[in-house]
Amino acid sequence: MISRPRNMGRIPVSREYTTDPLAVLRVSDTLNQVAMKLGDIGMVVRPGQSIERAIINLGVDGGRILLSEGTYPIEATITVDRPNVSIVAMSPHRTLIKRTITTSSPLIQVTSDYAMISGIRFDDANATGAAVKITGNYGSVSGCRFDDVYKAVEITGSWCRVSDNLVIASDSYPVHLTSSSANTQVTGNRIVPVTALAVYVEGSTPKAVITGNVFDMTDGNGTASYSSAGSAENYVARGNAAGAEDASNIAAAYNRRP
């Protein structure tokens, strides 16, 4: 080892440098591994930075965006228009996206396939549109919290999944599946509906699965509605305005089948 003194002001500082080529190679290899791991994690966005700009910077092939803890005030709709984009909160439910204007547009609009929204807390009290609207296919909304929204999630795409979310207050349908959202699953959510049905399946939605959800209110607001009785055979946990307890029993009975 070679010791090389260097003066910083009046304080002598001694630094040691290695001449061992194997040690240099090990350090270089470690740095490369760290760089690769950071690249695998995704792009980090902090409060004050643009989420939509980060989506653009991902490129046409998409990627992962990590939102650090804090509040993200939003005016314009965040549009996810490229495939394979994941927007994930680094601190689930401590990352808040809050609408600051009155509008009927979605807070997050997903028009591409294979998008994932996870762990984010939403406050969309000023809006009359969905907090998250997915028109693409194979999208998912999971582990999110919706504090005050008009609709939490609206799905028009196929093969989507709404799972393990918490909806505290919703002025309209907390989860709304349109007639085009075939093969969509709504599972494991806890919903406290305010003025409307907890899960609403519009029209003839083939092979929708609504199971394992908890509706905290058991009166007229704590219901699951499937409006197309003629397509009832397509649904799991189906019923005509079934109360929360009844819907849970149907789901449990289905899960016990061999």
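The structure reproduced in this document is the subject of the present report. Treat the numbers as computed from the prediction; the structure is a model and nothing was measured.

**Things to note about the pattern of salt bridges**
Stage number 1. Taken as a whole and assessed by the stated rule, the structure comprises seven salt bridges.
Stage number 2. Ionic pairing is found between D123 and K98, a salt bridge with its closest N-O pair at 3.0 Å. Of this pair, D123 sits in strand β11 (residues 121–123) while K98 sits in strand β8 (residues 95–99); the two residues are 25 residues apart in sequence, bridging distant segments of the chain.
Stage number 3. Between D124 and R99 there is a salt bridge, with its nearest N and O atoms 2.6 Å apart. Of the two residues, D124 is situated in the loop between β11 and β12 (130–134) and R99 in strand β8; the sequence distance between them amounts to 25 residues.
Stage number 4. R99 gets classed as buried once you look at its relative accessible area, which sits at 2%.
Stage number 5. Through salt bridges with shared partners, a single ionic network connects R121, R145 and D147.

**Examining helix α2 (residues 51–58)**
Stage number 1. Among all positions in α2, only I51, A54, I55 and L58 are buried. Relative to the axis of α2, the buried residues are bounded by an arc of 105° and lie together on one face.
Stage number 2. Elements that come into contact with the buried residues of α2 comprise β3 (43–45), β4 (63–67), β5 (70–74), β6 (78–80), β7 (85–89) and β8.
Stage number 3. Where α2 begins, one side-chain oxygen reaches toward the backbone nitrogen of E52, 3.4 Å away; that side chain belongs to S50.

**Quick word on the packing of aromatic side chains**
Stage number 1. Scanning the model with the defined rule gives three aromatic pairs in all.
Stage number 2. Geometrically, the ring pair formed by Y114 and Y138 is stacked, given 4.8 Å between the ring centres and 5° between the ring planes. Here Y138 lies in the loop between β12 and β13 (140–142) and Y114 lies in the loop between β9 (108–110) and β10 (116–118), a separation of 24 residues in the sequence.
Stage number 3. A residue is classified by how much of its surface remains accessible, and Y114, at 45% relative accessible area, is partly exposed.
Stage number 4. On the accessibility criterion, Y138 (38% relative accessible area) is partly exposed.
Stage number 5. Relative to F146, the ring of F122 lies with its centre 5.0 Å away and its plane at 10°, an arrangement referred to as stacked. Here F146 lies in strand β14 (residues 145–148) and F122 lies in strand β11, a separation of 24 residues in the sequence.
Stage number 6. F122 gets classed as buried once you look at its relative accessible area, which sits at 0%.
Stage number 7. Looking at F146, the relative accessible area reads 0%, which means it is buried.

Here is what the cut-offs are and how they apply
- Each chain has its residues counted from 1, following the order in which its sequence is written.
- Side-chain atom pairs in this predicted model are given and counted only at pLDDT of 80 or more, local residue features only at pLDDT of at least 70, and totals for whole chains, interfaces and linings cover all residues.
- Side-chain figures throughout are based on the complete set of non-hydrogen atoms in the structure, without hydrogens or water.
- By definition, a salt bridge exists where a carboxyl oxygen of Asp or Glu is found within 4 Å of a side-chain nitrogen of Lys or Arg.
- In DSSP terms, a helix is any run of H or I states spanning at least four residues, a strand is any run of E spanning at least two, and both are numbered starting from the N terminus.
- Each residue gets one of three labels from its accessible area relative to the maximum for its type: buried under 20%, exposed over 50%, partly exposed in between, using a 1.4 Å probe on protein chains only.
- Regarding the arc, it is the one traced by the directions from the helix axis to the C-beta atoms.
- Should any heavy atoms of two residues lie within 4.5 Å, those residues are considered in contact.
- In protein, a polar contact requires one atom able to donate a hydrogen and another able to accept it; more generally it is a pair of N or O atoms within 3.5 Å, and residues adjacent in sequence count only if both atoms are side-chain atoms.
- For Phe, Tyr and Trp, rings pair up if their centres lie within 6.5 Å, where Trp contributes its six-membered ring, and each pair is then called stacked (planes under 30 degrees apart), edge-to-face (over 60) or tilted (otherwise).

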